[in-house]
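Chain residues, written in single-letter form:
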Amino acid sequence: MQPSRLLIRARRGQALVLFALTLLLLTLMVLMTLGFGMRAKERVEIQMAADAAAYSQAVATARTFNAIAVMNRAQVAHMVAMAGTQALISHSSQEFAAHNVVCPEDIPSAEWHAGDEAAASQVKSLQGQAGSFHRAGIAIYTKLLTDHVMGQELTRKVAAAVNGELEAPLEGAAKSFSELNGNNAVRSREDVINALKAGGGACGAGDGAVCMSGGGTLALNATMGSMGWTWVHNRGGGSAGFGTGGASVSTAFRHYSSAGEMDPSTYNTISGRNSTAHDHGRGVIPTQCRSAPPVPAVASDAWVMSDEEQTHEDQHVYGARVSPGQAMENGDPPYRMHTLGACAVCPGIWPYSMGYNVGELQRGAANQYGQPKLYSMLYRDYASPQRRRNPDPWNLLFRFRFTAESDTTFDNSSPLGRIGPTGREDVQRNQVALAAGLVYYHRPRPAAQGGGWREPPNFLNPFWRATLASPEGSVDDRPADSLAGAGFTEHARALRRLVGEGYRGGGPGGRGY
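**What about the overall build of the protein?**
If you tally the helices and strands in the protein, you get 12 helices and 10 strands. The contacts of the protein with a sequence gap of at least 6 include a subset with a gap of at least 24, amounting to 72%. Accessible surface, the protein: about 24,900 Å² in total, of which carbon and sulfur atoms supply 58%.

**Considering the pairing of strand E9 (residues 430-441)**
Taken across its 12 residues, E9 has 11 buried, putting it largely inside the fold. Here strand E6 (residues 373-381) pairs with E9 via 9 bridges, running antiparallel. By the bridge assignment for E9, Leu374 is matched with Gly437. As paired strands, E9 and strand E10 (residues 464-469) are joined by 6 bridges and run antiparallel to one another. The residue bridging Tyr441 from the neighbouring strand is Trp464, located in E10.

**Points about the environment of Gly151**
With respect to the secondary-structure elements, Gly151 resides in the loop between helix H3 (109-149) and helix H4 (153-162). What makes Gly151 buried here is its relative accessible area of 14%. As for Gly151 and Gly172, which are separated by 21 residues in sequence, their C-alpha atoms are 7.4 Å apart. For Gly151, the contacting residues outside a window of four places in its chain are Arg156, Leu170 and Ala173.

**Describing the sheet that holds E10**
Strand pairs in the sheet, formed through backbone hydrogen bonds, run parallel or antiparallel to each other. Reading across from one edge, E6-E9-E10 is the order of the 3 strands in this open sheet, with antiparallel pairing throughout. Each edge of the open sheet is held by one strand with a lone partner, namely E6 and E10. Across the sheet, the mean angle from the axis of one strand to that of its neighbour is 25 degrees, orientation sign disregarded.

**Regarding the packing of helix H2 (residues 14-102) against H4**
As a packed pair, H2 and H4 sit with axes 9 Å apart at the nearest point and diverge in direction by 140 degrees. In terms of orientation, H2 lies oblique with respect to H4. Seen along the crossing, H2 lies across H4 with a hand that is right-handed. Of H4, the residues touching H2 (which contributes Glu45, Ala49, Ala52, Ala53, Ser56, Gln57 and Ala60) are Leu154, Thr155, Val158 and Val162.

**Quick look at the side chain of His99**
Tracing the backbone through its elements, the reader meets His99 in helix H2. Given the relative accessible area of 2%, His99 is considered buried. Here Thr287 takes part through its backbone nitrogen, which lies 3.3 Å from a polar atom of the side chain of His99. For His99, the residues in contact, after removing those within four places along its chain, are Pro104, Ile107, Pro286, Thr287, Gln288 and Cys289.

**Quick word on helix H6 (residues 189-197)**
If you check which residues of H6 are buried, you get Arg189, Val192, Ile193 and Leu196. Projected down its long axis, H6 shows its buried positions confined to an angular sector of 95 degrees, all on one face. A positive backbone phi angle near 90 degrees is found at Gly199, which sits one or two residues after H6.

**Some thoughts on unusual backbone geometry**
Although it is not a glycine, Gln152 adopts a positive phi angle of roughly 55 degrees. With respect to the element layout, Gln152 can be found in the loop between H3 and H4. Positioned with a positive phi, Gln368 is a non-glycine residue whose angle comes to about 55 degrees. Among the structural elements, Gln368 can be located in the loop between helix H9 (358-361) and E6. Classification of Gln368 by relative accessible area gives partly exposed; the value is 23%.

**A short note on the nonpolar core**
Formed by 29 residues in total, the largest nonpolar core has its most connected members in Tyr141, Leu180 and Trp464. The set of elements that each furnish at least two residues to this core consists of H2, H3, helix H5 (174-181), H6, E9 and E10. Excluding its chain neighbours within four sequence positions, the residues that come into contact with Leu180 are Thr61, Phe65, Tyr141, Leu144, Leu145, Val149, Asp207, Gly208, Ala209, Val210, Pro372 and Leu374.

**Section: the pairing of E6**
Of all 9 residues in E6, 9 are buried, a share of seventy percent or more. Residue alternation in E6 divides its side chains into two sets, Lys373, Tyr375, Met377, Tyr379 and Asp381 and Leu374, Ser376, Leu378 and Arg380, and both sets are buried.

**A look at the pattern of salt bridges**
In this structure the tally under the stated criterion is 15 salt bridges. Close ionic contact of Lys175 with Glu179 constitutes a salt bridge, the shortest N to O distance being 3.2 Å. Within this pair, Lys175 and its partner Glu179 are both found in helix H5, separated by 4 residues, close to a single helical turn. Here the two residues Lys175 and Glu179 agree in accessibility, since each one is buried. The residue Arg443 makes a salt bridge to Glu455 at a minimum N-O spacing of 3.2 Å. Separated by 12 residues along the polypeptide, Arg443 in the loop between E9 and E10 and Glu455 in the loop between E9 and E10 bring together distant segments of the chain. The buried category is assigned to Glu455, whose relative accessible area is 19%.

**A short note on the packing of aromatic side chains**
As enumerated under the stated definition, the model contains 8 aromatic pairs in all. Aromatic ring contacts, followed pair by pair, group Phe65, Tyr356, Tyr441, Phe459, Phe463 and Trp464 into a single cluster. Across the ring face of Tyr382, the terminal group of Arg39 is positioned such that the distance to the ring centre comes to 4.1 Å. In this structure, Lys175 is placed above the aromatic ring of Tyr375, and the distance from its NZ or CZ to the ring centre is 5.4 Å.

**Quick word on the state of the cysteines**
For the coordinates displayed, the defined rule picks out 2 disulfides. Between the sulfur of Cys103 and that of Cys289 lies a disulfide, 1.8 Å long from S to S. With the S-S dihedral at roughly -70 degrees, the linkage between Cys103 and Cys289 falls on the left-handed side. Of this pair, Cys103 sits in the loop between H2 and H3 while Cys289 is found in the loop between strand E2 (275-284) and strand E3 (299-307), placing the two residues 186 residues apart along the sequence. The burial state of Cys103 is the same as that of Cys289; both residues are buried. Each sulfur of the disulfide joining Cys203 and Cys211 lies 2.2 Å from the other. Taking the sign of the torsion about the S-S bond as the criterion, the disulfide between Cys203 and Cys211, at about 95 degrees, is right-handed.

Definitions and cut-offs
- Residues numbered from 1 in each chain as written.
- Predicted model: local features only at pLDDT ≥ 70, side-chain atom pairs only at ≥ 80, totals over all residues.
- Heavy atoms only, no water.
- Helix = DSSP H or I, 4+ residues; strand = E, 2+ residues; numbered from the N terminus.
- Contact = heavy atoms within 4.5 Å.
- Areas by Shrake-Rupley, 256 points an atom, 1.4 Å probe, with all protein chains shown as cover.
- Buried < 20%, exposed > 50% of the residue type's maximum accessible area, 1.4 Å probe, protein only.
- Pairing = 2+ DSSP bridges.
- Axes fitted to C-alpha atoms, helices over the stretch in contact; angles between N-to-C directions.
- Parallel < 35°, antiparallel > 145°, perpendicular 65-115°, else oblique.
- Left-handed = near helix turned anticlockwise from the far one by under 90°.
- Polar contact = N/O pair within 3.5 Å; in protein donor to acceptor, adjacent residues only side chain to side chain.
- Arc of directions from axis to C-beta.
- Core = buried A, V, L, I, M, F, W, Y, C linked by side-chain atoms within 4.5 Å.
- Salt bridge = Lys/Arg side-chain N within 4 Å of Asp/Glu carboxyl O.
- Phe/Tyr/Trp six-rings, centres within 6.5 Å; stacked < 30°, edge-to-face > 60°.
- Lys NZ or Arg CZ within 6 Å of the ring centre and 35° of its normal.
- Disulfide = S-S within 2.5 Å.

And the structure:
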């Protein structure tokens, strides 16, 4: 019996060995499951943070665009009043000149001059207020660029709120900035005005969606309205004309045989400056004469043209007076030298407004009709000091200390057992997320009217909205280039290899990466 008892006793513990091995495998499986789960959770977290940042950036931009549109509308309202007042100044001058032919001094010069000066002051005030809206629009646009877009400032704030580990590289803002401002620097209003004075400031394809100095023609058309210019001055004849400055390029005098020849597209002003208001006609019948004759006389060839404040050389023509170009007018009484305010961009007093870049708009659907697509880029560095201080417990990170001066680290999250300090290009070290928000203009026709789009994107109506979009799809969307530009070269290479194998997740449409 003794041998068999010893044999039985020798078999004891075998199950414990198998149990230990099984427990080890089970532990490894649990740790791997938890590790994969942690990675999946972190992947979802960083992508949701990037999406939230991209959407927030698009919302901030849409609100800025809407604010610019509202201020442009207010500016246009001021310019309508400015144009109407200018037209009344011009028309009243024409009437006053005609009365001076038929019944001199029946309208006291001093009284007319006082009203004329008051109206000119009103124009100048309206012009200043309209210019203030331009300043305000540029100010909020500059704030959008500097406080939210440049350096991914808004993305950084969102990332910090989600997880302190997440970082937003400065270079990740390149795409967003380019969509809004092209390759231009952030400019002040003084920079914009100086560019306009120098003959620059025009916007074209590649200059971004916002044209800080490009709203002159658009604002002029909006001011004059679809009913035509006559609605501004409420008269069937005459006009409130605003020259472009191109017709008045010389200070040389020009002789007009009659006022009828003075067309705003062809005349040269005495001062060589821009015209701001004019009225002209073949005849004016004075109706306010106290000593009017039985048959009212007609003052023929009546014309008034007023320059900006920088010159006193207004052109006043009526029947008894020679046509302009015969003599300088600085010697005339003050009531014949009324002026209409200082020039905003000389020559001319027409205030500028911010405009939507028509050059980008005309690139069509291939570029979202110039509607900006803004990128948000985040990454998590698994070898960052913060991560090393608080390692992921499921990834078996061990530190083997051999001496007080040296140790060796084993990190199961890396195939090599460690993560070397290789920078952003290391795919194993850095987890990256890219998201895009689209700022779009939405003003469709009602379904009862057949649906469809009512108008293209613009800065005159506040119908800008924001949504998430694919980082791919437009002619200038290059997600891989954006990744590489931020230092994630291996991530960019992996994306290009995916595309080379047939991946089309949003569709660059064969435009390449």
